[in-house]
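The primary structure of each chain is shown beneath.
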Amino acid sequence: AQRASVLRFVPRYGLSTLDPVFTTDQVTRIFGLAVFESLYTTDEHLRPRPMMAEGHTIDQDGKRWTIKLRPGLRFHDGEPVLARDCVASIQRWMKRDLLGRGLAPRLDAVEAGDDRTIVLRLKQPFQRVDFALGKPLPNILPIMPERLAATDATKAVSEIVGSGPFRLDPGSFSPGSAVALAKFNQYQPRSEAP
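From a predicted model like this one, the values you see are computed outputs, not experimental measurements.

Among the 10 residues of helix α1 (residues 26-35), 7 are classified as buried, and the element is accordingly described as predominantly covered. All buried positions along α1 are accounted for by Val27, Thr28, Arg29, Phe31, Gly32, Ala34 and Val35. Looking at the packing, one finds that the buried side of α1 touches β7 (166-168) and β8 (181-183).

Here we take up a nonpolar patch on the surface. A cluster of nonpolar residues, Phe166, Val179 and Leu181, forms a patch on the protein surface that exposes about 210 Å² of accessible area. Along the chain, Phe166 falls in strand β7. Owing to a relative accessible area of 36%, Phe166 belongs among the partly exposed residues under this scheme.

Pairing is possible between side chains of opposite charge, provided their charged atoms come close. The final tally for this structure, using the stated rule, is 13 salt bridges. Here Asp77 makes a salt bridge to Arg147, at a shortest N to O gap of 3.5 Å. Highlighted residues: Asp77 in the loop between β4 (64-69) and α2 (83-94) and Arg147 in helix α5 (residues 146-149), separated in sequence by 70 residues. Taking relative accessible area as the criterion, Arg147 reaches 46% and is therefore assigned partly exposed. Between Lys135 and Asp97 there is a salt bridge; the shortest N-O distance is 2.7 Å. Here the residue Lys135 occupies a position in the loop between α4 (129-134) and α5, and Asp97 occupies one in the loop between α2 and α3 (98-103), the gap between them amounting to 38 residues. The exposure class of Asp97 is buried, given its relative accessible area of 0%. Here the residues in one salt-bridge network are Asp43, Arg47 and Arg49, joined through shared partners.

This part is about the packing of aromatic side chains. A full pass over the atoms with the stated rule returns 0 aromatic pairs. A cation sits over an aromatic face here: Arg128 above Phe131, 4.8 Å from the ring centre.

Space inside the largest pocket adds up to approximately 930 Å³. Lining of the largest pocket is provided by 30 residues; of these, Leu7, Arg8, Phe9, Val179 and Leu181 occupy positions nearest its centre. Counting residues per element, the ones that place at least two in the lining of the largest pocket are α1 and β8. Broken down by element, the lining of the largest pocket gets its largest block of residues, 4 residues, from α1. Across the lining of the largest pocket, the residue classes break down as 22 nonpolar, 6 polar and 2 charged. Roughly 350 Å³ of internal volume is contained in the second largest pocket. In this structure, the second largest pocket is lined by 14 residues; those nearest its centre are Thr41, Arg190, Glu192, Ala193 and Pro194. Split by residue class, the lining of the second largest pocket holds 6 nonpolar, 2 polar and 6 charged.

The rules behind the values
- Residues numbered from 1 in each chain as written.
- Predicted model: local features only at pLDDT ≥ 70, side-chain atom pairs only at ≥ 80, totals over all residues.
- Heavy atoms only, no water.
- Buried < 20%, exposed > 50% of the residue type's maximum accessible area, 1.4 Å probe, protein only.
- Helix = DSSP H or I, 4+ residues; strand = E, 2+ residues; numbered from the N terminus.
- Contact = heavy atoms within 4.5 Å.
- Patch = residues over 30% accessible without salt bridge, like charges linked within 9 Å, V, L, I, M, F, W, Y side chains within 5 Å.
- Areas by Shrake-Rupley, 256 points an atom, 1.4 Å probe, with all protein chains shown as cover.
- Salt bridge = Lys/Arg side-chain N within 4 Å of Asp/Glu carboxyl O.
- Phe/Tyr/Trp six-rings, centres within 6.5 Å; stacked < 30°, edge-to-face > 60°.
- Lys NZ or Arg CZ within 6 Å of the ring centre and 35° of its normal.
- 1 Å grid on protein atoms, 1.4 Å probe; cavity = no way out; pocket = protein on both sides within 12 Å on 5 of 7 lines; lining within 4 Å.
- Points joined across faces, edges and corners; volume = space filled by probe spheres on them.
- Nonpolar A, V, L, I, M, F, W, Y, C, P; charged D, E, K, R; others polar.

Distances and angles like these do not, on their own, reveal function.
Set out below in structure tokens:
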């Protein structure tokens, strides 16, 4: 298996939609977890862990979360992942996800402090911001380029550009039938053991 270069995966039903914000479909979520990354993820005990985030600080009595991105993150099109991409992705995700819709009215703002800094200013403390941004259900928070995250949340994005370990092989998607992913050679996993 370590020498294998192709893995074939057959889900219980075919992949019909590629946008994991647009749908809560399980097969789309599995696809999304291979192609996109989130700011956080959860471990086997459902504890939030940084993924794209280098870490965060909480100040102003829990009303300000400052998240720093890991350096060197790139999208599949070669562009750097910037805080403004994350802000746009969070804003789109909050319109569809159940917990995201609960978080939205608690926020005064989600903004990019600089290219690697995301700031969430809350009206009142919300202790589980990292969990909300990294939980696996019902919608993952896929970080995508700002131009794609600007897509109306009630419509699927027209292009799939993530920063995860696999990229969509262009032209390979046949709804309900097949899709091919290729290893993303510029992927930078976290340095600690999984």
